[in-house]
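Understanding the architecture of this molecule
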Amino acid sequence: MELRQLEYFVAVTEEAGFTRAAARLHVAQPGVSAQIRQLERELGQPLFDRSARQVRLTEVGEAVLPYARAALAAVAGARLVVDEMTGLLRGHVVMGTVSAPSVLDLPGLLADFHDRYPSVEISLQESDPESLIEAVRVGRMDLGLIGIGSSVPPGLDAQVVIDQALVAAVGLTHEPAVGVAHDLVGKPAITLRELADRALICLPRGTGLRAALDEACAAAGFTPHVAFEASEPYVLGQLAAKGLGLAVLPESAVTVAKDDLHVLEITEPRLRGRMALIWRATGPSGPAARAFIDHARHRLPDFS
């Protein structure tokens, strides 16, 4: 049974004829007749008495009519609610981020939301990790993008949008900086503990890479010496290629300067960098925030 069949059934009833119903519905009369016959076959009973000059409902048709009208009214009501929320959706939504990786195309995400909900104001704010987490937790921000380690901060839900293996890379063509040993070139791997005495090049705090590195180093009993920071992963490799340190970067970022780099696997333990969307576990406070979170979650990858 289809809604279209119920719509045609009600129209034929109200217009007391197939021809007038077809004109009202802007369809061909044979199409209306075919849909009514299909509905009657599905119900197993005729709905109209076609023996008289004027089309009339049978007893079964009279019994079905209120249910058909109720079904159509329910669908119309659902559409009205959606239309009202779409047309009247207003407010101000805020997304916080520590960094904005180009791979996620946040400008495109915000532009698409604005096209869909032009009456909703959107803000993208950069913040340090601790402030961002607290702002999302108490509702000053609706959604955050932040690096996470092995667990999600309390009171928040998350969707992992970046999950990559981390590697180390050292330059091949330049004299290495202090703390970057010559013997790294040619080695297939380096342990986490061996990073303790190196000058590292890394993404800033709040990114998934940095969260994974800091968490692993803390568990190993040392604080990494980060000599250079850059917000774009490919820049880390370029800095390492100039001999400025040992880069810790996502595996996918090595390709930019791969001819000038020697890449080492990080072991004991192997590391992965993760970034996640975060939002309050109890849910957003208004329809604009709910729509914004739903849009972001569907627009971005999900490695959760």
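Throughout what follows, the structure given in this document is the object of discussion. (Residues numbered from 1 in each chain as written. Predicted model: local features only at pLDDT ≥ 70, side-chain atom pairs only at ≥ 80, totals over all residues. Heavy atoms only, no water.)

What follows covers the overall build of the chain. Counting its secondary structure elements, the chain contains nine helices and twelve strands. Since a compact globule built from 304 residues should have a radius of gyration of about 19 Å, the 31 Å found for the chain marks it as more spread out than a globular shape. Projected onto the principal axes, the alpha-carbon positions of the chain cover approximately 100 × 40 × 30 Å. With 304 residues in all, the chain has 46% of them scored as buried. (Helix = DSSP H or I, 4+ residues; strand = E, 2+ residues; numbered from the N terminus. Rg over C-alpha atoms; globule rule 2.2 N^0.38 Å. Buried < 20%, exposed > 50% of the residue type's maximum accessible area, 1.4 Å probe, protein only.)

Any two side chains of opposite charge can pair, given that their charged atoms come close. What the rule picks out here adds up to 14 salt bridges. A salt bridge links Glu2 to Arg4; the shortest N-O distance between them is 3.6 Å. For Glu134, the salt bridge goes to Arg137, with nearest N and O atoms at 3.2 Å. Linking Glu134 with Arg137, this pair stays in helix H6 (residues 129-138), spanning three residues, or about one helical turn. Overall, Glu134 belongs to the partly exposed group, its relative accessible area being 34%. (Salt bridge = Lys/Arg side-chain N within 4 Å of Asp/Glu carboxyl O.)

Right, let's get into helix H9 (residues 287-299). Here H9 spans 18 Å end to end across 13 residues, near enough to the 18 Å set by a 1.5 Å rise per residue. Here H9 has its buried residues at Ala288, Ala289, Ala291, Phe292, Ile293, His295 and Ala296. Looking at the buried positions of H9, the neighbouring elements they touch are strand E3 (91-97), helix H5 (106-116), strand E4 (120-126), strand E5 (143-148) and strand E12 (272-280). (Expected span 1.5 Å × (residues − 1). Contact = heavy atoms within 4.5 Å.)

One ladder, built from nine bridges, connects strand E6 (residues 156-171) with E12; its direction is antiparallel. Bridging across to E12, Asp157 finds its partner in Trp279. Judged from the four bridges that link them, E6 and strand E10 (residues 246-250) form a sheet pairing that is antiparallel. What sits directly across from Ala168, in E10, is Val248. By the bridge criterion, five bridges tie E6 to strand E11 (residues 261-267) in an arrangement that is antiparallel. Across the sheet, Val170 pairs through a bridge with His262, a residue of E11. (Pairing = 2+ DSSP bridges.)

With that out of the way, let us pick up the packing of aromatic side chains. Evaluated as defined, the whole model comprises four aromatic pairs. Each ring, one from Phe113 and one from Tyr117, has its centre 5.0 Å from the other, and the planes form 50°; the classification is tilted. (Phe/Tyr/Trp six-rings, centres within 6.5 Å; stacked < 30°, edge-to-face > 60°.)

Below, the discussion takes up the packing of helix H2 (residues 18-25) against helix H3 (residues 29-43). Packed helices, taken two at a time, are described by the angle their axes make and the gap between the axes. Between H2 and H3, whose axes approach to 8 Å, the crossing angle comes to 110°. One finds that H2 runs roughly perpendicular with respect to H3. The residues of H3 that touch H2, namely those facing Phe18, Thr19, Ala22 and Leu25, are Gln29, Val32, Ser33 and Ile36. Among the residues forming the contact of H2 with H3, the class breakdown is five nonpolar, three polar and no charged. (Axes fitted to C-alpha atoms, helices over the stretch in contact; angles between N-to-C directions. Parallel < 35°, antiparallel > 145°, perpendicular 65-115°, else oblique. Nonpolar A, V, L, I, M, F, W, Y, C, P; charged D, E, K, R; others polar.)

We now examine H5. Those residues of H5 lying buried are Leu106, Gly108, Leu109, Leu110 and Phe113. Next to the buried residues of H5 lie E3, E4, E5 and H9. Near the N-terminus of H5, the side chain that reaches the backbone nitrogen of Gly108, with its oxygen 3.1 Å away, is that of Asp105. (Polar contact = N/O pair within 3.5 Å; in protein donor to acceptor, adjacent residues only side chain to side chain.)

In terms of burial, E11 is largely enclosed, as five of its seven residues are buried. As judged from the three bridges shared by strand E7 (residues 189-191) and E11, these two strands associate in the parallel manner. Its bridge partner being in E11, Ala189 is matched across the sheet by Glu265.

Note on soluble globular proteins: their nonpolar side chains tend to be buried together. Counting 35 residues, the largest nonpolar core has Ile190, Leu192, Leu213, Leu246 and Leu249 as its most contacted members. Elements with a contribution of two residues or more to this core: E6, strand E8 (200-202), helix H7 (208-220), helix H8 (233-241), E10 and E11. Of all hydrophobic cores here, the second largest spans 23 residues; its members include Phe113, Tyr117, Leu277 and Trp279. (Core = buried A, V, L, I, M, F, W, Y, C linked by side-chain atoms within 4.5 Å.)

Turning our eyes to something else, we now look at the environment of Ser231. Along the chain, Ser231 falls in the loop between strand E9 (226-229) and H8. Classification of Ser231 as partly exposed rests on a relative accessible area of 47%. When the C-alpha positions of Ser231 and Glu121 are compared, they lie 27 Å apart, and in sequence the two are 110 residues distant. Apart from residues no more than four positions distant in its own chain, Ser231 is found in contact with Leu203 and Pro204.

Any functional reading would require information that these geometric values do not contain.
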